[in-house]
Amino acid sequence: MKTVRLSDVLSALHLKDSFGRKLTLNSVLEINSNTVSDKPAASLNQLPWTFLRKLMRSNLNARNIKCEQDQPIYNYSLTDANDDCDVNPLDLITALFHCSDPFLQQEMVSKMSMCQFAVPLLLPNCDTQQSTLMLWAMRDLVKMFRPHSLEGDRTSVEGRIVEMDIPMVSFVRLGESSLAKSQTLNRLLSNPHQHNDTFLHRDMKCGDVPRRISDGLVEVSWYLPSGNTNIDMFTQPVAIANLRGDSRLFKTQMSFLSETSAAVFIFSDDLEGDLSTLNNRESRAELFLVTNSQSKTFNMDTLRDKCGDHKVKETNVIIKKKQNDAEFVRALRFHVSGVIGKNPIKMKVEDMATVARHGIVVDEDCIECKNGRTLAESITGSILDVVKFKKDQLPLHGEIWKEISQLEKENCRMRNADKDIEGNRSSLKTKQETLRMEQQQTAVSEAMWKFTTGISQSGTQRLYFLRWLKIQLDTLSRHNLSTLREKYKDCCKNTEQNKEEIADLDKQLSNCSLGPEHFFRELGQRYECACSLPENNPARQQVQHLPALCAHMLLDGFPVELVDGDASNIPIKWMKEVLSQLHQLVDTKSKILVLSVLGVQSTGKSTLLNTMFGVQFAVSSGRCTRGAFMLLIKVSEELKSELKCDFIMVIDTEGFKSPELAALDTSYKHDNELATLVIGLSDVTIINIAMENSTEMKDILQIVVHAFLRMKEVGKKPKCLFVHQNMSDMSAHDSNLRDRKKLVEQLDEMTRAAAKMEKTVAYRKFTDVMDYNPDKDSYYIPGLWHGTPPMAPVNAGYTEAVYELKKRLIGSLQTSGNIRNNNATEFLEWTESLWNAVKFENFIFNFRNSLVADAYKDLCTHYNTWEWSFQSEMNYWLITKETMISNFGLTDKNVQINLLRDVLKEMLHEASEKLHEEEKTILSNLDEYFKKKDRKVSFEEKYRQDFRTRANSLRQQMEMSMKHSLEKAVKIREEKVKLMDTNEKRLLQE
């Protein structure tokens, strides 16, 4: 058989050009005609892209692909060729890793791991006989598990897999073996009730096609326990490495595994062959021999001799006798459990680089990766206290920016203004200018100087720096979060004694988040405060290049913050210049179609987007991300005319109803403002609903519609899709017809309530405001995981349902003539206009939904009537008493004036009793009103308390006012009586 070179396979797959000019993540994620195509690969050049598209959406069947046309791929005689003349999936994966840039490799590993596929540890190059340790490719893998040693504590371990001390057990074949090694490993790792093909084997599609370039590949997968003894195969975590091909031909790989593994299991029937590979002096691994007694070459005497020669213990020999596969796998599992249970040799993957450098290339040894890591570590290495670091090194976007944001909104809403509105507005402007001046006087910190240096570098170097910074900050935040949660758990054991400490920890948990977005916020604030300086000011000139750097980030596929979640504000000047720079960078070809996802926290919004588009929004990075992030996905030339856009902008928002905001009075306002803004910006909004959170999302939608009716600036009709998560029944769409009908009725009812309040009778239905078809725009998606994490792969039903949603969505956009896409600058103008409208709106955002708002407004009307009745009654009583006081002593001039004070006391006492009676009347009316309304609207306690407080305040104000009036009347009458007495005495004297 003729030797096949790597270049031959790359040429056949049309990947030869990509070997030098690597494939990028952006090129793979581009929206093109094949994005929503179900057609199988018709030729070999389509095969890599078919695999990548499926992998990017975490499809469990990504490796099960086959070329429809039968054509020879390898240059060897037809007598040697496989009947199907196709490509082995391992060869395809090996070829793609060779042709991908480091960031695409990292994403491929991440998606493969989600599907519970084994990932490359050592990647071979059959042309150079050189292997590469794929450390960088695995660097961003984060795993969570619960060892049985922590079972009672209910504590999970979370971290980057390459940084964890997990023992590795390797499996190799030496010569011939009649045992199917990869299939055996799959059974070893799988729960009997949930089989998963972690390692590709010959019985899978095209698995029997001869391997040509992937022999020498070492794959690795991890078994991670869940803490449940009835499910877990192993009680502790273990890495399983699998060497492809005959280990005698790959001495470098074999040496590496011997030095890094706790144990090496050798599958072999060839006991009389050359076993010198086992004699590695540097090996610390315990050796196990796995053989088959049913093979023709099996001889017990030979086996004993070989074990003695190569120091393999008799107890470490595993013979498959006349037993079924289940019994054999159980015996193998017993030995693996024995290895990891007796304090085995452990080596972190990142420490394996030291061993690898004796003959294996390490992917992280490239100069750009080293420089990126060094610069990122120079920023993160000195961080001991995140809160202090943010205060010292990122001061501009902290409390100052939050205060500026509050002043901006107050300037629009004037909630605290008295009669002098202009004076109040002037005062607010002065405060803002003072805060901006304070920002301008703050010098650029060392961390920000290094950050700016990092993002100012060339493309690859910049991406390495940002990725390293994110990795290190995530690790830091995860560690801080874990430590704080442990303290919080301890404090909660005695809540009464630790109230203050718990409150402090709550605050720390909210503030311990630190990611690249905080550095970009700081850049934005430095640019914003510099914009208020004269154009020729040096400080302003120094920041002019910053927006272009952020625009490059967008084009690189990096999520950029649109709404600052901590300050609940958009830095408009900064975003305006960033999008203007983007417009210029793409030669004004910047038409954008905006798609967003909204939902309650922890309902899988980001995962939905990541699965739909293969993007990288943070899902579980140990940080509590807030706000809204935008990310650009390029549209291919062929689809630009159909979709009428150059990019699809995907906006991911923080989850609503977050526990950390729930206790705040402004939580409704925050969620409602953000939802209104994001839906208003979007051409298409996906409303993500988990059944248990459906009420919360309906409440938020009510406020959005209500806000749209109030805000004249909202001139478009956004398209809405409803995605119902965790609905696995195949008849979900039909069986939920009644629920959809009820949802529409509820949405229509709240639209009418909002229209009634705003006196816009033209709007009677939800569909008058939002573009929504209950039958076509409702989707039901099953759960994400197939089984129990952490060993559960992504559910194939989930990925297929999300893919179906994507197909229909893009299909409807291709045929829709209603969507008018803006370019980047027009999008910014629309954003600014809409944000100003949101800032001026205040009333409606305070409520849970429109029905509550309507009831509140109705209650205000009733309350004003009760208040007027209260005041009228008391004013009439007061006039009566004032008249009595003014007539005091007229009928009986002998009454002494000091008796007037006794009358005043009696009147004040009577007034107090009457005021309390009138207050009780109002409170009784309130209770009756709430009782009546509670059948339809659930008033929150804060509204009930507000009106009770108002009634109490009214009584107190009236009591003070009446007391003042009565005392004044008494004083006037006393002066008149005294004057009358004086006049009488003077007349008598005369």
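Residues numbered from 1 in each chain as written. Predicted model: local features only at pLDDT ≥ 70, side-chain atom pairs only at ≥ 80, totals over all residues. Heavy atoms only, no water.

Undergrad: Explanation requested: the overall build of the protein chain in the structure shown.
TA: The secondary structure content of the protein chain amounts to 35 helices and 18 strands. A burial count over the protein chain gives 55% of its 990 residues as buried. Partitioning the intrachain contacts of the protein chain with sequence separation of at least 6 by distance along the chain shows that 77% fall at a separation of at least 24. For the protein chain, the exposed surface amounts to about 45,300 Å²; the carbon and sulfur share of it is 48%. (Helix = DSSP H or I, 4+ residues; strand = E, 2+ residues; numbered from the N terminus. Buried < 20%, exposed > 50% of the residue type's maximum accessible area, 1.4 Å probe, protein only. Contact = heavy atoms within 4.5 Å. Areas by Shrake-Rupley, 256 points an atom, 1.4 Å probe, with all protein chains shown as cover.)

Undergrad: How do you make sense of the environment of aspartate 325 when you look at a structure like this?
TA: Residue position: aspartate 325 is located in helix H11 (residues 325–340). We classify aspartate 325 as partly exposed; its relative accessible area is 34%. Aspartate 325 has contacts with Arg187 and Lys320, leaving out every residue within four places of it along the chain.

Undergrad: Would you explain the sheet that holds strand E10 (residues 317–320) in this entry?
TA: Across the sheet, 9 strands lie side by side as E10-E9-E8-E5-E7-E6-E1-E2-E11; this open sheet has mixed pairing. Two strands bound the open sheet, and with one partner strand each, they are E10 and strand E11 (361–362). Two elements, strand E5 (residues 168–173) and strand E8 (residues 263–267), share 5 bridges in a ladder whose sense is parallel. Looking at E8, one finds that phenylalanine 171 is bridged to phenylalanine 265. (Pairing = 2+ DSSP bridges.)

Undergrad: What am I meant to see in the environment of tyrosine 779 here?
TA: Locating tyrosine 779 in the fold gives a position in strand E18 (residues 778–780). Accessibility expressed as a relative area gives 10% for tyrosine 779, which makes it buried. When the C-alpha atoms of tyrosine 779 and asparagine 688 are compared, they prove to be 9.7 Å apart, with 91 residues separating the residues in sequence. In contact with tyrosine 779, not counting residues within four places along its chain, are Leu721, Phe722, Val723, His724, Leu805 and Arg808. There is a polar contact of 3.4 Å between the side chain of tyrosine 779 and the backbone oxygen of lysine 776. (Polar contact = N/O pair within 3.5 Å; in protein donor to acceptor, adjacent residues only side chain to side chain.)

Undergrad: Just checking my understanding: could you explain the nonpolar core for this structure?
TA: Across soluble globular proteins, nonpolar side chains show a tendency to be buried alongside one another. Of all hydrophobic cores here, the largest spans 146 residues; its most connected members are Leu121, Leu133, Val169, Phe171, Trp222, Phe256 and Phe265. Once residues lying within four places of it in the same chain are set aside, the contact partners of phenylalanine 256 are Leu121, Leu122, Leu133, Met352, Val355, Ala356 and Ile360. Residues Ile455, Leu514, Val543 and Phe722 belong to the second largest nonpolar core, which totals 92 residues. (Core = buried A, V, L, I, M, F, W, Y, C linked by side-chain atoms within 4.5 Å.)

Undergrad: Teacher, can you tell me more about the layout of surface pockets here?
TA: With a probe scaled to a water molecule rolled over the atoms, the places where space remains empty come into view. Approximately 640 Å³ is the volume attributed to the second largest pocket. Considering the residues around the second largest pocket, the lining is formed by 26 residues, among which Arg173, Arg202, Arg211, Arg244 and Gly245 are closest to the centre. Considering each element in turn, the lining of the second largest pocket owes the most residues, 4 residues, to strand E7 (residues 238–246). Taken together, the residues that form the lining of the second largest pocket break down as 9 nonpolar, 8 polar and 9 charged. (1 Å grid on protein atoms, 1.4 Å probe; cavity = no way out; pocket = protein on both sides within 12 Å on 5 of 7 lines; lining within 4 Å. Points joined across faces, edges and corners; volume = space filled by probe spheres on them. Nonpolar A, V, L, I, M, F, W, Y, C, P; charged D, E, K, R; others polar.)

Undergrad: What exactly am I supposed to notice about the packing of helix H8 (residues 181–189) against H11 here?
TA: At a minimum axis separation of 9 Å, H8 and H11 run at an interaxial angle of 70°. Considering the angle they form, H8 stands roughly perpendicular to H11. Here Thr184, Arg187 and Leu188 of H8 come into contact with H11, specifically with Asp325, Phe328, Val329, Leu332, Arg333 and Val336. Residues belonging to the contact of H8 with H11 are distributed by class as follows: 5 nonpolar, 1 polar and 3 charged. (Axes fitted to C-alpha atoms, helices over the stretch in contact; angles between N-to-C directions. Parallel < 35°, antiparallel > 145°, perpendicular 65-115°, else oblique.)

Undergrad: Quick question: what am I supposed to make of the sheet that holds strand E12 (residues 560–564) here?
TA: Across a sheet, paired strands are connected by hydrogen bonds in the backbone, their directions being either parallel or antiparallel. Taking strand neighbours across the sheet as the criterion, the 7 strands line up as E12-E14-E15-E13-E16-E17-E18 in an open arrangement whose pairing is mixed. With partners counted over all chains shown, the strands left at the sheet margins are E12 and E18, one partner each. Pairs of neighbouring strands in the sheet enclose a mean axial angle of 20°, with direction left out of account. In the sheet, strand E14 (residues 627–634) pairs with strand E15 (residues 647–653) via 7 bridges, with the strands oriented antiparallel. Counted as the bridge partner of alanine 628 is threonine 653 from E15. Lying on the sheet, helix H24 (residues 605–613) is in contact with strand E13 (592–599), E14, E15, strand E16 (684–690) and strand E17 (719–725); it crosses E15 at an angle near 160°.

Undergrad: Even after reading the chapter, I still don't get the pairing of E13, so can you show me in this structure?
TA: A regular strand places its side chains on the two faces of the sheet in alternate fashion. Counting buried positions along E13 yields 8 of 8 residues, so the element is predominantly enclosed. Because side chains alternate across E13, one face comprises the buried residues Ile592, Val594, Ser596 and Leu598, and the other comprises Leu593, Leu595, Val597 and Gly599, equally buried. Where E13 and E15 come together, 6 bridges link them in parallel fashion. Bridging across to E15, valine 597 finds its partner in aspartate 652.

Undergrad: Quick question: what am I supposed to make of helix H6 (residues 102–114) here?
TA: Within an α-helix, residues lying three or four positions from one another point in the same direction, as the helix has 3.6 residues per turn. A rise of 1.5 Å per residue sets the reference length of H6, with its 13 residues, at 18 Å; its end C-alpha atoms lie 19 Å apart and thus fit the reference within 8%. Within H6, 10 of the 13 residues are buried, which leaves the element mostly enclosed by the surrounding structure. Among the residues making up H6, those that are buried are Phe103, Leu104, Gln105, Gln106, Glu107, Met108, Val109, Lys111, Met112 and Ser113. Phi turns positive one or two residues past the end of H6, at glutamine 116, with a value near 60°. (Expected span 1.5 Å × (residues − 1).)

Undergrad: What is the right way to read empty space enclosed by the protein from this model?
TA: In the structure shown here, the tally under the stated rule is 7 cavities of 30 Å³ or more. By volume, the largest cavity is sized at about 120 Å³. As for the largest cavity, its lining consists of 13 residues, and the residues nearest its centre are Phe520, Arg521, Glu561, Pro571 and Trp574.

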